[in-house]
Amino acid sequence: MKRKIFLSVLLVFAMAVSASAFSGREVWTLQFDSPITSGISVSGNMLFCGTETGKCFAINRNTGRPVWEYKADNTIYGVPAVVGGNVIFAQGSGELTCLKIADGSHVWSSGGIGGTNTEGRAVNDGLSDGAAVGGGLVYVSKDDRKVHAFNENDGRTAWTYTTSDQGVRCAPTYADGMLFVGEYDGIFSILDAKTGKRLNGGGAGGAINTPTAANGNVYFSAWDGSVNAVKIKGVEPLWSVNVRDTITTQPEVSGGRIFVGTGRGAIVALDEKTGRTLWRFNTNIGSISAKPVAADGVVFAGAEMGGMLVLDAKTGKHVGTLTDNGITCGLFADGVLYFGSGALYAYE
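As the structure is a computational prediction, the values presented were derived from the model and not from experiment. (Residues numbered from 1 in each chain as written. Predicted model: local features only at pLDDT ≥ 70, side-chain atom pairs only at ≥ 80, totals over all residues. Heavy atoms only, no water.)

A.B. asks: Any chance you could explain the pairing of strand β7 (residues 86-91) here in plain terms?
C.D. replies: One face of the sheet, then the other: side chains in a regular strand alternate in exactly this way. Taken across its six residues, β7 has five buried, putting it largely inside the fold. Here strand β6 (residues 76-83) pairs with β7 via five bridges, running antiparallel. Across the sheet, residue Y77 finds its bridge partner in β7, namely A90. Hairpin geometry of β6 and β7 is characterised by an intervening segment of two residues between the two adjacent antiparallel strands and by a positive phi of about 60° at G84. As judged from the five bridges shared by β7 and strand β8 (residues 96-100), these two strands associate in the antiparallel manner. In the strand pairing of β8, I88 is matched with C98. Between β7 and β8, which pair antiparallel one after the other, the connecting turn spans four residues, and G94 there sits at a positive phi close to 100°. (Buried < 20%, exposed > 50% of the residue type's maximum accessible area, 1.4 Å probe, protein only. Helix = DSSP H or I, 4+ residues; strand = E, 2+ residues; numbered from the N terminus. Pairing = 2+ DSSP bridges.)

So this is what it looks like as structure tokens:
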């Protein structure tokens, strides 16, 4: 698909978001030979992302040129996790791989979580999303209906937790010594991150997306349209609301607001303290596939079939459009927005 940049975007940004440092200027573009299927993470001067064909890339943030690439065996999912001097990513086969950030050399792989078959070969269990890190462990949810924890230094299994029959199809979230897990059948579980023991939980009326931990709370959204807030200390439920549309993204928390994307292509802003709807914008670009990214007074909304829109964070007013190409991931760091699908873009 030919990329289309709207020439008026710089003027629109300058007029509509005068307080924002984001101008909408393209810095660089990097084209890939297959779509980006992971999220984007950053460490120092490098970005990390993975593709459908199993390539993990380290990219120079200033130039957009690859520093190194590592060829794995399967599609890479989730946001690559940066731990010290390493980056860890998950593959669709269920395998975790740890590489050195400096040169992309292999440190460890998790191997076959399902054990070995009669021929002594490793058996892997697939996954649909990436890993979380914290407390010296790496956590991932697999298609074997279990959450697995591995030692971040050598990839050895620390513990496993068995979920419901429907399992988990999104990444868990780590915060304050706890692991937050949203299951496909609507069960929300809070686990002790060291042991995997279930401490508490709740639920929703549909599959739960990856939770977000911020400001002492954890927020989780679900396909039934609900958004829930829970205070982490004491596990105290704060509020629960419903936006009356399937929520397809992890919540984004920024500036006292929570932003979610829906299956009908809407971006909804909620008050972080009360859950009250502040505004709703219908993008008309199809289901929102990438988690909204909020920074510098604007919200970036990407759809796999429709492009990247920019909205005013306070009002929901459409500020500009960066591209009409499909978007599956986004990250804002140090005044620059990185996003993409078939290509990776940098705008400031």
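A.B. asks: For this particular structure, what's the right way to read the side chain of D271?
C.D. replies: By the secondary structure assignment, D271 is in strand β24 (residues 266-271). In this structure, D271 is buried with no salt-bridge partner, the nearest side chain bearing the opposite charge being R276 at 4.8 Å. With near-sequence residues (within four places) excluded, D271 lies in contact with W239, G256, R276 and L278. (Lys, Arg positive; Asp, Glu negative; His and termini not counted. Salt bridge = Lys/Arg side-chain N within 4 Å of Asp/Glu carboxyl O. Contact = heavy atoms within 4.5 Å.)

A.B. asks: Hey, could you run me through the sheet that holds strand β28 (residues 307-312) in this one?
C.D. replies: Remark on secondary structure: sheet strands pair via backbone hydrogen bonds, oriented parallel or antiparallel. Strand order in the open sheet formed by four strands is β26-β27-β28-β29, and the pairing between neighbours is antiparallel. This sheet does not close on itself; its edge strands, each paired only once, are β26 (293-295) and β29 (318-323). Within the sheet, the average angular offset between the axes of one strand and its neighbour, ignoring direction, is 20°. As defined by bridge partners, β26 adjoins strand β27 (residues 298-303) across three bridges and the pair is classed as antiparallel. Each residue of the ladder has a partner; that of A295, found in β27, is V298. (Axes fitted to C-alpha atoms, helices over the stretch in contact; angles between N-to-C directions.)

A.B. asks: Sorry, what's going on with unusual backbone geometry here?
C.D. replies: Residues other than glycine predominantly adopt negative phi, and peptide bonds predominantly adopt the trans conformation. Even without being a glycine, N215 presents a positive backbone phi close to 55°. Position of N215 relative to the elements: it lies in the loop between β18 (212-214) and β19 (217-221). Residue N215 is classed as exposed on the basis of its relative accessible area of 61%. Of note, D296 is a non-glycine position whose phi angle comes to about 55°, a positive value. Position of D296 relative to the elements: it lies in the loop between β26 and β27. Owing to a relative accessible area of 32%, D296 belongs among the partly exposed residues under this scheme.

A.B. asks: How should I be thinking about the sheet that holds strand β10 (residues 131-134) in this particular structure?
C.D. replies: Taking strand neighbours across the sheet as the criterion, the four strands line up as β10-β11-β12-β13 in an open arrangement whose pairing is antiparallel. In this open sheet, the two edge strands, each paired with only one partner strand, are β10 and β13 (157-162). Shown here is a sheet whose adjacent strand axes are inclined to one another by a mean of 20°, direction ignored. Across five bridges, strand β12 (residues 146-151) lies against β13 in antiparallel orientation. The partner of V147 across the bridge, within β13, is Y161.

A.B. asks: Is there a simple way to explain the packing of aromatic side chains in this structure?
C.D. replies: Working definition: an aromatic ring pair is given by the centre-to-centre distance plus the angle between the planes. Using the criterion set out here, one finds 16 aromatic pairs in the structure. Considering the side-chain rings of F22 and F300, the 5.0 Å spacing of their centres and the 75° angle between planes classify their relative orientation as edge-to-face. Pair noted here: F22 is in the loop between α1 (9-16) and β1 (26-31) and F300 is in strand β27, with a separation of 278 residues, a long-range link. The same class applies to F22 and to F300, which are both buried. A relative accessible area of 1% means that F300 is categorised as buried. Aromatic ring contacts, followed pair by pair, group F22, F300 and F332 into a single cluster. The ring of Y184 has R169 lying over it, and the distance from NZ or CZ to the ring centre is 3.6 Å. (Phe/Tyr/Trp six-rings, centres within 6.5 Å; stacked < 30°, edge-to-face > 60°. Lys NZ or Arg CZ within 6 Å of the ring centre and 35° of its normal.)

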